[in-house]
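# Results of the structural survey
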Amino acid sequence: PILQATPSVFPSYISPGNEGYVQLVIKNSGTGIATGIRITQVSYDKVIIPSGSWVGDLSPLAVGDSAVYLFKFKVSENALPGLYVITFYLEYNSDSITKTIKQNAIVNVQSVSALELSSISPSSFKSGEKVKMKFVLTKSRKYYFTCRFRKQNFHSKHRREFAV
């Protein structure tokens, strides 16, 4: 037997405080039945909080068969955006020899990026007037930025957008 392990993480990106799961597909692409299949160890970054035990014995696999296993986890509330690794260590018996597979799953943590425009000051100005405008964007904290521009033939049908 030759075992192949293919992990997928769902959802494709996770915000801090939310749950996800790893789908681990194990396939026997060899010529004999794979027995003694077990997950002997799982290592993960500290922001990954597993649900239940992920270590244990799995079912034997006949030639060409595959099995799907799901492993639920939560991302810590204080996780920073980034890529985090979950490593599965699998063992199986092949012709009375124990073989080991090491397979990594990558968890993509992204913070919620929605910002809300809380206020703009001043709220109006005259054509041709130089103004210093203050935009207040809120999330869980306040961010401030200032832009200067000169209003010239600025009609209400035109929109001005600012990227932060």
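Residues numbered from 1 in each chain as written. Predicted model: local features only at pLDDT ≥ 70, side-chain atom pairs only at ≥ 80, totals over all residues. Heavy atoms only, no water.

## Structural notes on the overall build of the protein chain
The condition is simple: In this text, helices come from DSSP runs of H or I with a minimum length of four residues, and strands from runs of E with a minimum of two, each type numbered from the N-terminal end.
Looking only at helices and strands, the protein chain has zero helices and eleven strands in total. Counting helices and strands in the order they occur from the N terminus, the protein chain gives β-β-β-β-β-β-β-β-β-β-β.

## Notes on the environment of Ser-121
Stated precisely, the cut-off is as follows: Only heavy atoms enter the contact rule, under which two residues are in contact if any of them lie within 4.5 Å.
Relative to the helices and strands, Ser-121 resides in strand S9 (residues 116-121). Residues Ser-121 and Val-131, ten residues apart in the sequence, show an inter-C-alpha distance of 9.7 Å. Ignoring sequence-local partners within four residues, the contact set of Ser-121 consists of Lys-132, Met-133 and Lys-134.

## Focus on the confidence of the model for the protein chain
Residues shown with low pLDDT carry predicted positions that ought not to be read at fine detail. Counted only if it meets this: As a per-residue measure, pLDDT tells how confident the predictor is, with possible values from 0 to 100.
On average, residues of the protein chain carry a pLDDT of 82, and 77% of them reach 70 or more. By mean pLDDT, the top-scoring element of the protein chain is strand S4 (residues 48-50) (96), and the lowest-scoring one is strand S11 (residues 142-150) (47). This model gives residues 141-164 a pLDDT under 50, and the stretch forms 42 contacts once residues within four places in sequence are excluded.

## Description of the sheet that holds strand S6 (residues 66-75)
What counts here: When DSSP finds two or more bridges between two strands, those strands count as paired. Axis lines are fitted to C-alpha atoms, over the contacting stretch for helices. Their N-to-C directions set the angle, which ranges from 0 to 180 degrees.
An order of S1-S2-S6-S4 is seen for the four strands of this open sheet, with the pairing classed as antiparallel. Every other strand in the sheet has two partners, leaving strand S1 (3-10) and S4 as the edge strands with one partner each. Between one strand axis and the next, the sheet turns by 30° as a mean value, whatever way the strands run. Two strands pair when backbone bridges link them, and S1 and strand S2 (residues 19-28) are joined in this way by eight bridges, in the antiparallel orientation.

## What about a nonpolar patch on the surface?
Selection criterion: The residues that make up patches have over 30% relative accessible area and no salt bridge, and they are joined within 9 Å when like-charged or within 5 Å when they are Val, Leu, Ile, Met, Phe, Trp or Tyr. Here the open area of atoms and residues is found with the Shrake-Rupley method and a 1.4 Å probe, where only the protein chains shown may cover a residue. The term salt bridge refers to a pairing of a side-chain nitrogen on Lys or Arg with a carboxyl oxygen on Asp or Glu at a separation within 4 Å.
A contiguous nonpolar patch, built from Phe-10, Tyr-21, Val-68 and Leu-70 and spanning about 370 Å² of accessible area, is present on the exposed surface. Structurally, Val-68 is set in strand S6.

## Topic: the sheet that holds strand S5 (residues 56-57)
The pairing of strands in a sheet comes from backbone hydrogen bonds and takes either a parallel or an antiparallel form. Taken together, the four strands give an open sheet; going across it, the order is S5-S3-S7-S8, and neighbouring strands pair in antiparallel fashion. Edge positions in the open sheet fall to S5 and strand S8 (97-109), since each of these has one partner strand only. Pairing geometry for strand S7 (residues 82-94) and S8, over 13 bridges, is antiparallel. The partner of Tyr-92 across the bridge, within S8, is Lys-99.

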